[in-house]
Every structure is written in structure tokens, then in C-alpha cells.
Amino acid sequence: MQHDHILILDFGSQVTQLIARRIRENGAYCEIWPFNDASQDRIKKYSPKGIILSGGPCSVTDEDSPRAPSCVFEMGVPVLGICYGQQTLVEQMDGKVEAGHNGEFGRAEINIKTASPLFGDTWKTGDTPTVWMSHGDRVTKIPDGFDVIATSSGAPCAIIANEDKKFYGIQFHPEVAHTQNGSDILRNFVIDICECSGAWTMASYKDEAIAKIREKVGSSKVVCGLSGGVDSSVAAILIHEAIGDQLTCIYVDTGTMRKGESEQVVALFRDHYNIPLIHEDASDLFLGKLEGVSDPEKKRKIIGGTFIDVFDKCAKRIGDVDFLAQGTLYPDVIESVSFIGGPSVTIKSHHNVGGLPEKMDLKILEPLRELFKDEVRDLGRELGLHDDFVSRHPFPGPGLAVRCPGEITREKLAILREADAVYLDAIRKEGLYNEIWQAFAVLLPVRTVGVMGDGRTYDYACALRAVTSTDGMTADFYPFEMDFLSRTATRIINEVRGINRVTYDITSKPPGTIEWE
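Within each chain, residue numbers correspond to sequence positions counted from 1 in written order. Where totals are concerned, whole chains, interfaces and linings use all residues; where local detail is concerned, this predicted model gives features only for residues with pLDDT of at least 70, and gives and counts side-chain atom pairs only at 80 or more. Side-chain measures were taken over the full set of non-hydrogen atoms in the model, leaving aside hydrogen atoms and water.

Considering the pattern of salt bridges
Put simply, the test is: Any carboxyl oxygen of Asp or Glu that lies within 4 Å of a side-chain nitrogen of Lys or Arg is treated as forming a salt bridge with it. Put simply, DSSP marks the helices as runs of H or I at least four residues long and the strands as runs of E at least two long, and each gets a number from the N terminus on. Each residue's exposure class comes from its accessible area (1.4 Å probe, protein chains only) as a fraction of the maximum for that residue type: buried when under 20%, exposed when over 50%, partly exposed otherwise.
The full count for this structure, using the stated rule, is 23 salt bridges. For Arg22, the salt bridge identified is with Glu25, shortest N-O distance 3.4 Å. Residue Arg22 and its partner Glu25 are located together in helix H1 (residues 16-25), separated by three residues, close to a single helical turn. Among the residues examined, Arg22 registers a relative accessible area of 13% and is labelled buried. One salt bridge in this structure joins Asp284 and Arg410, with 2.3 Å as the shortest N-O distance. On the criterion of sequence distance, the pair formed by Asp284 in helix H8 (residues 283-290) and Arg410 in helix H13 (residues 410-429) is long-range, its members being 126 residues apart. Take Asp284: its relative accessible area is 55%, and that puts it in the exposed class. Connected through salt bridges with shared partners, the residues Asp425, Lys429, Arg491 and Glu495 form a single ionic network.

With respect to the side chain of Ser233
Here is the rule we go by: Any two residues whose heavy atoms approach within 4.5 Å at even a single point are treated as in contact.
By the secondary structure assignment, Ser233 is in helix H6 (residues 230-243). Aside from chain neighbours lying at most four places away, what touches Ser233 is Leu226, Gly228, Phe269 and Phe389.

Description of the packing of H6 against helix H11 (residues 373-382)
Packed helix pairs are characterised by how far apart their axes lie and by the angle those axes make with each other. In plain terms, the rule: Only the stretch in contact is used when a helix axis is fitted, and all axes are lines through C-alpha atoms; the angle between N-to-C directions ranges over 0 to 180 degrees. In what follows, roughly perpendicular refers to angles from 65 to 115 degrees, roughly parallel to angles under 35, roughly antiparallel to angles over 145, and oblique to any angle outside these ranges. The crossing is said to be left-handed when, going from far helix to near helix, the turn is anticlockwise and less than a right angle, and right-handed when the turn is clockwise.
Two numbers describe how H6 lies on H11: the axes approach to 10 Å, and their chain directions differ by 45°. By the angle between their axes, H6 is oblique relative to H11. When the axes of H6 and H11 are compared, the crossing they make is left-handed. Contacts between H6 and H11 involve Val230, Asp231, Val234 and Leu238 on the former and, on the latter, Lys373, Val376, Arg377, Leu379 and Gly380.

Concerning the pairing of strand S10 (residues 159-162)
Rules: Paired strands, in this sense, are two strands between which DSSP finds at least two bridges.
Here S10 shows no split at all, with Ile159 and Ala161 on one side and Ile160 and Asn162 on the other all buried. Bridge count between strand S9 (residues 147-152) and S10: three bridges; the pairing is antiparallel. Directly across from Val148, in S10, lies its bridge partner Ile160. Between the antiparallel neighbours S9 and S10 lie six residues. Two elements, S10 and strand S11 (residues 167-170), share four bridges in a ladder whose sense is antiparallel. Bridge pairing in S11 places Ile159 opposite Ile170.

Digging into the packing of aromatic side chains
Threshold: Only rings of Phe, Tyr and Trp enter the pairing, Trp through its six-membered ring, and a pair is recorded when the two centres are within 6.5 Å. The plane angle decides the type: under 30 degrees is stacked, over 60 is edge-to-face, the rest tilted. Two limits define a charge over a ring: the Lys NZ or Arg CZ must be within 6 Å of the ring centre, and within 35 degrees of the ring normal.
Evaluated as defined, the whole model comprises 14 aromatic pairs. On the basis of an interplanar angle of 15° and a centroid distance of 5.2 Å, the ring pair of Phe11 and Phe35 is categorised as stacked. With a gap of 24 residues between them, Phe11 in the loop between strand S1 (5-10) and H1 and Phe35 in the loop between strand S2 (29-34) and helix H2 (40-46) connect regions that are remote in the sequence. Side by side, Phe11 and Phe35 carry an identical accessibility label, which is buried. Taken together, a centroid distance of 6.2 Å and an interplanar angle of 55° make the contact between Trp123 and Phe172 tilted. Residue Trp123 is located in the loop between strand S6 (104-112) and strand S7 (130-135), and its partner Phe172 is located in the loop between S11 and helix H4 (182-193); the two are separated by 49 residues in the primary sequence. This pair shows no difference in class: Trp123 is buried, exactly as Phe172 is. The ring centre of Phe372 lies 5.8 Å from the NZ or CZ of Arg21, which sits over that ring. Sitting over the face of the ring of Tyr460, Arg447 holds its NZ or CZ atom 4.1 Å from the ring centroid.

Let's talk about the sheet that holds strand S16 (residues 363-365)
Pairing in this open sheet of five strands is parallel, and the strands run S14-S13-S12-S15-S16 from one edge to the other. Where the open sheet ends on each side, the last strands, each with one partner, are strand S14 (277-281) and S16. Pairs of neighbouring strands in the sheet enclose a mean axial angle of 30°, with direction left out of account. Its contacts with the sheet put helix H7 (residues 261-272) on strand S12 (221-226), strand S13 (247-253) and S14, and the angle it makes with S14 is roughly 165°.

In C-alpha cells:
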């Protein structure tokens, strides 16, 4: 894309994606590359206006610890090293980093010693902003040409700068919310020091994405699998705007959708947008294959594999299809590549990353693979999608199957649909829906004794889940008022036959995941 570029070299930090988000919020396009996948030729071809070295779990004092490509310091562009990135910058420029000192973990105060373009008007000499530290090693000797411009009790070189070369090293993490004005510091680096124009917007992305789709697809036919969620919907509408009726959408009803989901999808795409749509009700097939299965990973694989089979049959009805469109997002792409070049730990499988079975013989079209979730929502608004739809909470590909721990039955799914609908209705009526990243009900695989009227009940227990997050990587439970939870639990028990007990999940991520399976 014809925009200013920032390159982030990833050394394995858990929060590298937050750096990218902060940069894009300031209108500069950036990409994250594993440090060992960044050759000199590739970096030069990318032509970044600045390079950021991320944090990471390693120690530069260890043998064979990661290093930035030497060309990073020879290209004449500004460089910002964050945490481990600062330490490898120092080591590679003949400074010194030592282990064995007292580390800093969590909030710390730094002392601003001198003015710098990195601070702009954000921090002034004598200020003591609060930052987020997470380091065991520390810089003990800075390279020639550098000055210490901020210190802390545990990091005598908390921020160093070579203003002539526009090289900066920061021991803390400006990308996390705990650092006071951290996003402003990143903005100063990107806009003031790297001189990025800040002109990257979703409006410009939309126009360029449409042009790229037309160039790639030509006169070929494309199929797109709709899940009813935001990602696949935005991808479909974007592609339709680019190539019109060369696109056919396929909506496979797996029998694990939310209440009213299928009717909404058909109404939106077939009736409102006039996009060619195949609505395939395969619920009997899916639920038959899931019968007796309780392991969550097996559920996901059954649903993913069966979906491919059904989708393939639908695509063959269209004939002469060359491309399959998917709603893959940038976090999916990043998380599928380990910074050390090996496989990442699998928390749970995804079925929209990594390509297709060879038997489908289709090329992949992923127009959203460069975007974060919030950017996809902004793109949806640019495409004219109503905010009520664009702001919908994420919904997993396997649907309610992973919100129904244990064996799945039609009866349990029907109960869960009703409970989930009542819960979301209560949240909307309270005006809380847009404050929450994701909210849903879970039907627990246990029955409990209850009393309703003068009779004894033996029905299912239900768990409610609601979390706040910015990107889904980390999350905390939403702090509902107890009165709201009480009223909602009463509604569910009164309105949903089959549930006599309601609980609220207060687990954060980590240690838990957002979904239960």
C-alpha cells in the first residue's frame, strides 16, 4: 500500500500486537515480522520510515539470544527499542547489558532528565510519570553517541537516546495501558521523529483493498463462507463491492447458531445487499456427527472438517469457482507464526488460518488479513453496515458447541439459545452492550436441585460470561452490579424452561480463556 510504513520486529513479547495497534491508531500503517524472518532485502523492499524492536522473554546475556538484523542500524531510519529491544540495541552497538541486578516488574516511576523529541510536549524535564516495567536485566553501559534521558530506581538507563541518529531505547513498555501517556510517546516517535503523515485510514484502506481484490480475482468466481459474525460479513460486503455477482456467499447452518441467526443472515445478505447466497441447512449432519462427543478439541475438529465438506459441495454447485474468501484477521496471522520459527503452543484450534485441504483446489482470498478487530469494525462502517451489526460481540466459528461443555444435544442447544437471548437482551436494555467486549451464556453439563412453586426441579445450571478487552488477547470480567445479575438470573430461570440455577464467571484471561472450550 502506498503509505508510510513502520516495521515492528518481534522478539516474542506477549504484547507486541499492542505496539501495532497504538501505531495504527495514529494513522500509520505497520506490520509485525518475527526478527528471524526479516532479511536485509525484505526490509529494504518494505521501505519502513522507522523500525521498532519489541520486547521478549530472552536475555541478551544468554548465548545465541535473538538479535536484530544489522541492517536495521545502517538504513538511516529512526529505531526504537522497547525492553528487550532496548537491550539488544545496546549490545549490538557495543554497549553493555548485565543480568543479576534487581529487576522491576509492574508499575514504576521514571525521572525525566532532559527534553527530547521522543517526549515532545508529553513529558518535561523533572516529570516523574508512571510506567510499566517488566525486566530482570538492565543496561549498565550505553553505546557511544547515546545519552541517558530518563532513569528509574531499577533502571539507571530507563530511556536512552542518540538524537543524531534518532535511535532510542526504552526499558519499559509504552504500549500497555498501565504506562502513563505511553501511546503519546509512540505517537511522537511515529509522527514527529519518523515523520509519518498519519494518513492511513479505513477509507483509504477500503479503496485500496477493492483495487487489490479486482486485480487478484480478475474475472474469476469467489465463494465466501458466512458465519453471521462481523469478520466474514465485512469481508463479503467488501468483496461484493469490488467484483459484484462474481461473489456467492455460502451460509452453512450447523445447528449450533444463536437464536434468530440464520434468519438475520439471509435477510441482510440476500434481501438487503442482494448478494447471491446459498443457505445450506446442515444441522442434522453436524449434530449427528457431534452425538456422544464431549472433548472440546474433537468438537472443533468435527465442526471444522464437516464444514469444509459441506462448503465444498455447495461450491461445486456454483461451478468454476477459483477463490475462497475468508475473514482471517491480522492477530490470526501473527499468532500462527512463532517468533522462534517453530510451532506455537496450541491453546485451541482455529479453522480460518493455514489454508484449505488440497481437495478443494481453491485459492485463498483474505482481504482482512492486515486488520485488527477494531479496524474491521471501522471498515464495516465505511461500507455502510449499521453500527448495531458492526458492534456485535465476537462469536466463535464452532458456535454454541463450545458454549455447551460436554455432550451436545438438541435439547441442550435449545435451552442455551433461549438463555443467551435473554442475557443479551438484558444487557442491551441496561445500555451496557457496547461497554462489553463479549458476553454470552454457557450451559453447564450438570443438573442441580431446585424449588419452583411447591415442586422440586432437577434442571441445568447456567453460567454467564462477560468480559472487557481491547483485542481479545487479555480480558477481565465485566463488573456488573449485583442488582443487574440478580434480575437477569431471575429472568432466565422464569423464562427458560430447563434452567434452575445461574452463576457468573469472574475469571480473567489469563489464566482462563474467554470461551469455556
